[in-house]
Amino acid sequence: MTQSGRPLFATMNGEIVPFDQAKISIMAPGLTFAVLVFEGLRGYWNRDEQELFVFRVPEHLDRLAFSNKVIEIEGVPDKVEFKRQMLELIRACEAREDCYIRIQSYIDDWGAMAARTPVGSSIICRARGRVAAFTDGVHFCVSSWRRNEDDASPSRIKASANYLNSRLAGLEAKRLGFDASVILNRDGTVSEGPGGCIFIMRDGEWITPPVTAGILESVTRQTLIEISGDVGPKVIARNIDRTELYLAEEAFYCGTGQEIVPILSFDRKMVGSGHPGPQTRRLQDHYDAVVRGRIERYRSWLTPVWEKGETL
Ligand code: PMP
């Protein structure tokens, strides 16, 4: 794998091809009408074991199947086949470092908005280290854009269409000099950020919006709900008002790509001391240990790619 550049290979419709040959048609409904759903997964390199672990594969593939079901993309590989193709590609790419895997399914070639065929799928695996913000933290604003709602363009599915809303919020945040933004839903409570979930600490408790607040049902969020009690307070899922962001003692933004990124301020109002909080740091360390296979009881969440990964 090349650290900064493009990978050498991709999987297109089940076949490994040179990366530059992995193309879809300019007439694809997947492109023009956003008839495309996807998943992003992370592979974590464990140096001591010389093993790459892909984190929570079944959960990601279940969500992909659900996204396909909602927008009626039928005939895509099943979970076993997508997993097989993914591991085959990771091995072809010789991935022995932290990496990011994207699996997409879409309607390809020529067709109208409601076309059902031809169905296409692709997988890429590229090197991706930890983001600098993991250490440094970020500054958030509250976006003037509202989250796309479940009865319009459901945020519960990981559809490319939803990322237009995320893009608008992201562009606004950058224009105003912030790193990213919190997007409120129609009820005016916190949904999520452009590409990740929001957690705040208030009165010593972790709080995150419920799955009905207009969020993607994040694998990272669910993981943190399951592991937070090991090293600190457990997580409460409930609506968060805008002004509660300003009361937060600690806060972070999380997702597969960014992992856990401390939020230092909302709308220029400092979160706690304005530095990454101690509980956030504790969760970051614990999460890192979990995803790299250093905690025995969570090893079942990991899919090994090399020595032990031959059996599917
Ligand atoms: N919300 C949105 C809008 C996202 O794009 C992501 C990243 N996939 C998340 C939340 C976090 O989800 P996950 O933890 O499953 O990556």
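Because the structure is predicted, anything quoted here is derived from the model rather than measured. Counting of residues starts from 1 at the beginning of each chain's written sequence and follows it residue by residue. For a predicted model such as this one, the threshold for reporting local features is a pLDDT of at least 70, and the threshold for listing and counting side-chain atom pairs is 80 or more; totals across whole chains, interfaces and linings nevertheless cover every residue. Side-chain descriptors were evaluated using all non-hydrogen atoms of the structure, hydrogens and water having been removed beforehand.

To continue, consider the overall build of the protein. Helical segments are the DSSP runs of H or I of at least four residues, strand segments are the runs of E of at least two, and each set is numbered from the N terminus. Scanning the protein for helices and strands turns up eight helices and 16 strands. In this treatment the radius of gyration is a C-alpha quantity, and the globule benchmark scales as 2.2 Å times the residue count to the 0.38 power. Over its C-alpha trace the protein gives a radius of gyration of 19 Å, about what one expects of a compact globule, namely 20 Å for 312 residues. Residue exposure (1.4 Å probe, protein chains only): buried if accessible area is under 20% of the type maximum, exposed if over 50%, otherwise partly exposed. By residue count, 54% of the 312 residues in the protein fall in the buried class. The accessible surface values rely on the Shrake-Rupley method and a 1.4 Å probe; as for residues, cover is taken only from the protein chains in view. For the protein, the computed accessible surface area is about 14,000 Å², with 53% contributed by carbon and sulfur atoms. For the protein, the centre of its 39 positive side-chain charges and the centre of its 42 negative side-chain charges are spaced 3 Å apart. Counting rule for charge: Lys and Arg are taken as positive, Asp and Glu as negative, and neither His nor the chain ends is counted. Think of each charge as sitting on NZ of Lys, CZ of Arg, CG of Asp or CD of Glu.

On to the domain arrangement of the protein, then. The split into domains, and so the bounds of each, comes from an automatic or database assignment of domains. Domain boundaries in the protein define domain 1 (9–127) and domain 2 (133–291). The interface of domain 1 with domain 2 comprises 20 residues on the first partner and 20 residues on the second. Counting the surface lost from both domain 1 and domain 2, the interface buries some 1,700 Å², and carbon and sulfur atoms represent 63% of this. The rule for a salt bridge is simple: a side-chain nitrogen of Lys or Arg has to be within 4 Å of a carboxyl oxygen of Asp or Glu. Put simply, Glu226 and Arg56 hold a salt bridge, and the shortest N to O gap is 3.3 Å. Pairs of N or O atoms within 3.5 Å make up the polar contacts considered here, provided that, within protein, one atom can donate a hydrogen while the other can accept it, and that residues adjacent in sequence are counted only when both atoms are side-chain atoms. Applying the counting criterion to the domain 1 and domain 2 interface returns nine residue pairs in polar contact (both at pLDDT 80 or more). Looking at the side of domain 1 that touches domain 2, the elements that each hand over two or more residues are β3 (36–46), β4 (51–55) and α2 (57–71). Note on contacts: a residue pair qualifies if any of its non-hydrogen atoms lie within 4.5 Å across the two residues. Reported buried area values correspond to the accessible surface (1.4 Å probe) lost by two parts on association, with both partners' losses combined.

Let's shift gears to the site of the ligand. Within the structure, the ligand sits among 16 residues, and Lys158, Tyr163, Ser218, Thr220 and Thr256 are positioned closest to it. Here an oxygen atom of the ligand and a backbone polar atom of Val219 are 2.8 Å apart. Side-chain polar atom of Thr256 to an oxygen atom of the ligand: 2.6 Å apart, as the coordinates give it. Summarising the interface, the protein chains cover 95% of the accessible area of the ligand, which totals 380 Å² for the free molecule. Of all the secondary-structure elements, those providing two or more residues to the shell around the ligand are α2 and α6 (219–231). Residues of the shell around the ligand, tallied by class, amount to five nonpolar, seven polar and four charged. A single heavy atom is enough: if one lies within 4 Å of a molecule or strand, its residue is considered near that molecule or strand. When residues are grouped by polarity, Ala, Val, Leu, Ile, Met, Phe, Trp, Tyr, Cys and Pro land in nonpolar, Asp, Glu, Lys and Arg in charged, and all others, Gly among them, in polar.

Let us now look at the packing of aromatic side chains. Ring pairs are drawn from Phe, Tyr and Trp, using the six-membered ring of Trp, whenever the two centres fall within 6.5 Å, and their geometry is named by plane angle: stacked under 30 degrees, edge-to-face over 60, tilted for the rest. Scanning all chains against the criterion turns up eight aromatic pairs. With a centroid separation of 6.1 Å and 80° between ring planes, the pair formed by Phe55 and Trp301 is classed as edge-to-face. Of this pair, Phe55 sits in strand β4 while Trp301 sits in the loop between α8 (278–291) and β16 (302–304), and the two are 246 residues apart along the sequence. Assigned by exposure class, Phe55 and Trp301 land together as buried. A centroid spacing of 4.7 Å and a plane angle of 25° characterise the contact between Tyr298 and Trp301, whose relative ring orientation is stacked. The two residues Tyr298 and Trp301 agree in class, both being buried. Counting every residue linked through ring pairs, the aromatic cluster contains Phe55, Tyr287, Tyr298 and Trp301. Remark: a charge is flagged as sitting over a ring if the NZ atom of Lys or the CZ atom of Arg is within 6 Å of the ring centre and within 35 degrees of the ring normal. For the cation-ring pair, Arg56 lies above Trp301, with the distance from its terminal atom to the ring centre recorded as 3.9 Å.

Looking now at the environment of Leu184. Take Leu184: it is sitting in strand β8 (residues 180–184). On the basis of relative accessible area, Leu184 is assigned to the buried category, the value being 6%. Those residues in contact with Leu184 that sit more than four places away from it in its chain are Val142, Trp145, Arg146, Arg147, Thr189, Val190, Ser191 and Arg242.

Another aspect to go through is the packing of α2 against helix α3 (residues 79–92). Working note: a packed helix pair is described by the angle between its axes plus the distance between those axes. Look at α2 against α3: their axes get within 10 Å of each other, and the N-to-C directions meet at 120°. Judged by the angle between their axes, α2 and α3 are oblique. Crossing handedness for the pair α2 and α3: right-handed. Contact with α2, carried on its side by Val57, Leu61, Asp62 and Leu64, involves Lys79, Phe82, Lys83 and Met86 of α3 and no other residues of that element. Of the residues belonging to the contact of α2 with α3, the class tally is five nonpolar, no polar and three charged. Each axis is a line fitted through C-alpha atoms, and for a helix only the stretch in contact is used; angles between axes span 0 to 180 degrees, taken between their N-to-C directions. Roughly parallel means an angle under 35 degrees; roughly antiparallel means over 145; roughly perpendicular covers 65 to 115; every other angle is labelled oblique. Left-handed is the label given to a crossing in which the near helix is rotated counterclockwise from the far helix by less than a right angle, and right-handed is the label when the rotation is clockwise.

Inspection of the secondary structure puts Ser155 in the loop between β7 (138–146) and α5 (162–175). We classify Ser155 as buried; its relative accessible area is 4%. There is a polar contact of 3.1 Å between the side chain of Ser155 and the backbone oxygen of Gly214.

A word on unusual backbone geometry. For the bond from Thr117 to Pro118, the omega torsion is -10°, close enough to zero to count as cis. Note on placement: Pro118 falls in the loop between β5 (99–107) and β6 (119–127). If you check the backbone angles, Glu72 has positive phi at about 60° while not being a glycine. With respect to the helices and strands, Glu72 occurs in the loop between α2 and α3. The class of Glu72 is partly exposed, set by a relative accessible area of 39%. Positioned with a positive phi, Arg268 is a non-glycine residue whose angle comes to about 65°. Structurally, Arg268 is set in the loop between β14 (259–266) and β15 (269–270).

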